[in-house]
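Chain by chain, the residues:
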Amino acid sequence: MKFMIPFLIAMLPVASVAQSQSGAASGVPSVAIPKTTEVLVIQTPKQGVTAQQVMAVIPAEIRATVKLYVDGKIRQWYSRGDGKGVIFLVDAKTEDEARALMETLPLAKAHLMDHEYIPVGPLMPLRALNPAAFQ
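Rules behind the numbers
Residues numbered from 1 in each chain as written. Predicted model: local features only at pLDDT ≥ 70, side-chain atom pairs only at ≥ 80, totals over all residues. Heavy atoms only, no water. Helix = DSSP H or I, 4+ residues; strand = E, 2+ residues; numbered from the N terminus. Buried < 20%, exposed > 50% of the residue type's maximum accessible area, 1.4 Å probe, protein only. Contact = heavy atoms within 4.5 Å. Areas by Shrake-Rupley, 256 points an atom, 1.4 Å probe, with all protein chains shown as cover. Pairing = 2+ DSSP bridges. Axes fitted to C-alpha atoms, helices over the stretch in contact; angles between N-to-C directions.

## Points about the overall build of the chain
A tally of regular secondary structure across the chain gives 5 helices and 4 strands. When its helices and strands are written in sequence order, the chain yields α-α-β-α-β-β-α-α-β. Across the 135 residues in the chain, those meeting the buried criterion constitute 26%. Restricting to contacts in the chain with at least 6 residues of sequence separation, those with at least 24 account for 68%. Entry remark: accessible area of the chain is about 8800 Å², with carbon and sulfur atoms responsible for 62%.

## Focus on the sheet that holds strand S2 (residues 74-79)
The 4 strands are arranged S2-S3-S1-S4 in an open sheet whose pairing can be described as antiparallel. The open sheet has two free edges, formed respectively by S2 and strand S4 (113-120), since each of these has just one partner strand. Each strand axis lies, on average, 20 degrees off the axis of its neighbour in the sheet, ignoring direction. Along the sheet, helix H3 (residues 51-70) contacts strand S1 (38-45), S2 and strand S3 (86-90); its crossing angle with S2, the most-contacted strand, is approximately 140 degrees. Packing of helix H4 (residues 95-102) onto the sheet brings it into contact with S1, S3 and S4, and relative to S4 it is tilted by some 145 degrees.

See below:
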């Protein structure tokens, strides 16, 4: 057990590379590609959009975002530490599903924000802890 933590820490770089590449294109076996359980959405103002433009829409944005949170569609949300936008963890199985959800928000409807979509899932090297349990 005392070797497990160093093993997992050593596997993190491998896991992030394996998870960031598609199985077919990278030669990584599809078993190393996690099932998408959520989509990370990074939202930043489009180039040239002013703080005043964003703030004019913020009351409606907050109401709509809280509704999505209460409905279980947004699981977590954060302000970026650099002050350049927000990050959502969206309950979606695909980028398209997350995109459709985010396009319902007032800032997106006003074409004020750029969105980056990153599907995420379980850390696959954890299967090495007990391979028999995952067969």
